[in-house]
Amino acid sequence: MFQRGLIPLVLYLSLAPARLDAHPAPFSYLDVHLDAGGLSGRLVVHAIDVAHDLDLGDPERLTDAGLVRQIAPSLQALLEQRLAFVADGRRLAWSVLAALPVADQSAVQIDWRAPGSGVPGRLTIEAVLFPYDPNHQTFVNVYEADALARQAVLNRTRTRFDFYSGTRQGLRAVFTAFTASGIHHIAIGPDHILFIIGLLLLGGTLPRLLAIVTAFTLGHSLTLALATLDILNPPAHIVEPAIALSIVYVGADNLLVGKSGRDVRPLIALFFGLVHGFGFAGVLRETGLPDRALGLSLFAFNVGVEIGQAAIVVVVASALSLVRARSATLARRIAIAGSIGVMIAGIFWFLER
């Protein structure tokens, strides 16, 4: 409720009458309404921004309703390249229905429409409205069934965000998007991949390998949920070095197992899985979680992570099993060399982080 009250207040202050010899607060205000016929809404932009990008000279000229109507086609041509709506992967063409001055706010109001077929499951909004000003921000309100469903602020570093509707299509889009995000995170995360490989280097029976993977899953699933829900959220400058140390520990433990004969890899996977879960949460927060499908998005992300892990386990475990079947000596040498490599990589990442 505080956030919903704050944004209109900020916008009111930013669009209030101001001296035109100085740039007012660099904000634009976008309303987006979803309905069965597509999208519609209102865009409010500062007169000084419009005058600058259309080379109109004095922004006070935009208090003239006739001039604003006259420049409406040029304004649309300017903004349609900078404001995009992508519904379920298909870009929607939008057009200006009306443009009029908001004289007491030194602003221009644009009513627009983007025809579509039904309420989209996933709507991506991209906006870089006035790139000449690096401080410009676009405040976005998304309405579904005339109820405010999502708010976001877009700027030079965050130029897009995804909205998932409350429809069945929206739930399917959430599951698909966050499952893909989980797979992608494992695929591009060399530290997570190396940790899993380190756990597999010594091989073992299928039940043993399943116990290791299951323990890691339990660990990271717990802390992922805690961090995402802001129940427990340690800072990245602690989590990232700790992940690196977990890799060092796995490599060292592999080298010590040959002397002691004990195998505590499931316990290691469980404990350090808790640490890795906090790392996963950082990525998930950057993705942007849908409030109305929070549980589903967490579950889908975990499914994606498990798919990525399963692919690594199948490939690595199968390769090591083939080597071990042909030469136990070679398999031991690979395990030793691999463990040393894992330790070196972990030490490097720890020092770097």
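All values derive from a computational prediction rather than experimental measurement. (Residues numbered from 1 in each chain as written. Predicted model: local features only at pLDDT ≥ 70, side-chain atom pairs only at ≥ 80, totals over all residues. Heavy atoms only, no water.)

**Student:** So what exactly am I meant to see when it comes to the overall build of the chain here?
**Tutor:** The helix and strand tally for the chain stands at 10 helices and 10 strands. Looking at the 353 residues of the chain, the share that counts as buried comes to 46%. Residue pairs at least 24 apart in sequence account for 72% of intrachain contacts in the chain once pairs closer than 6 positions are excluded. Within the structure as shown, the chain displays about 17,200 Å² of accessible surface, and the carbon and sulfur contribution to it stands at 63%. (Helix = DSSP H or I, 4+ residues; strand = E, 2+ residues; numbered from the N terminus. Buried < 20%, exposed > 50% of the residue type's maximum accessible area, 1.4 Å probe, protein only. Contact = heavy atoms within 4.5 Å. Areas by Shrake-Rupley, 256 points an atom, 1.4 Å probe, with all protein chains shown as cover.)

**Student:** Looking at this structure, I do not really get the confidence of the model for the chain. What am I missing?
**Tutor:** The predicted coordinates ought not to be read in detail in places where the model reports low pLDDT. The share of residues in the chain with pLDDT of 70 or more is 90%, and the mean pLDDT across the chain is 86. By mean pLDDT, helix α1 (residues 2-15) is the weakest element of the chain at 46, and strand β3 (residues 83-87) is the strongest at 95. (pLDDT = per-residue confidence, 0-100.)

**Student:** Honestly, the packing of helix α5 (residues 190-200) against helix α10 (residues 328-352) in this entry has me stumped. Any pointers?
**Tutor:** Relative orientation and spacing of two packed helices are given, respectively, by the angle between their axes and the distance between those axes. Put simply, α5 and α10 touch, their axes get as near as 10 Å, and they point 150° apart. Judged by the angle between their axes, α5 and α10 are roughly antiparallel. In the packing of α5 onto α10, the handedness of the crossing is left-handed. The residues of α10 that touch α5, namely those facing Pro190, Asp191, Leu194 and Gly198, are Val342, Ala345 and Trp349. In the contact of α5 with α10, the residues fall into 5 nonpolar, 1 polar and 1 charged. (Axes fitted to C-alpha atoms, helices over the stretch in contact; angles between N-to-C directions. Parallel < 35°, antiparallel > 145°, perpendicular 65-115°, else oblique. Left-handed = near helix turned anticlockwise from the far one by under 90°. Nonpolar A, V, L, I, M, F, W, Y, C, P; charged D, E, K, R; others polar.)

**Student:** What is the right way to read the sheet that holds strand β9 (residues 147-154) from this model?
**Tutor:** Hydrogen bonds along the backbone pair up the strands of a sheet, which may run parallel or antiparallel. Strand order in the open sheet made by the 6 strands is β5-β6-β2-β1-β8-β9, with mixed pairing throughout. Taken across any chain shown, the strands that pair with only one partner, and hence form the sheet edges, are β5 (95-102) and β9. Strand-to-strand, the axes of this sheet are offset by a mean angle of 15°, without reference to chain direction. Direction of pairing for strand β1 (residues 27-35) relative to strand β8 (residues 137-144): parallel, over a ladder of 8 bridges. (Pairing = 2+ DSSP bridges.)

**Student:** Is there a simple way to think about the pairing of β8 in this case?
**Tutor:** Successive residues of a regular strand alternate their side chains across the two faces of the sheet. In terms of residue burial, β8 counts as a mostly covered element, since 7 of its 8 residues are buried. Both β8 and β9 contribute to a ladder of 7 bridges, which runs antiparallel. What sits directly across from Glu144, in β9, is Ala147. In sequence, β8 turns back onto β9 through a hairpin of 2 residues, with Ala145 there showing a positive phi of about 55°.

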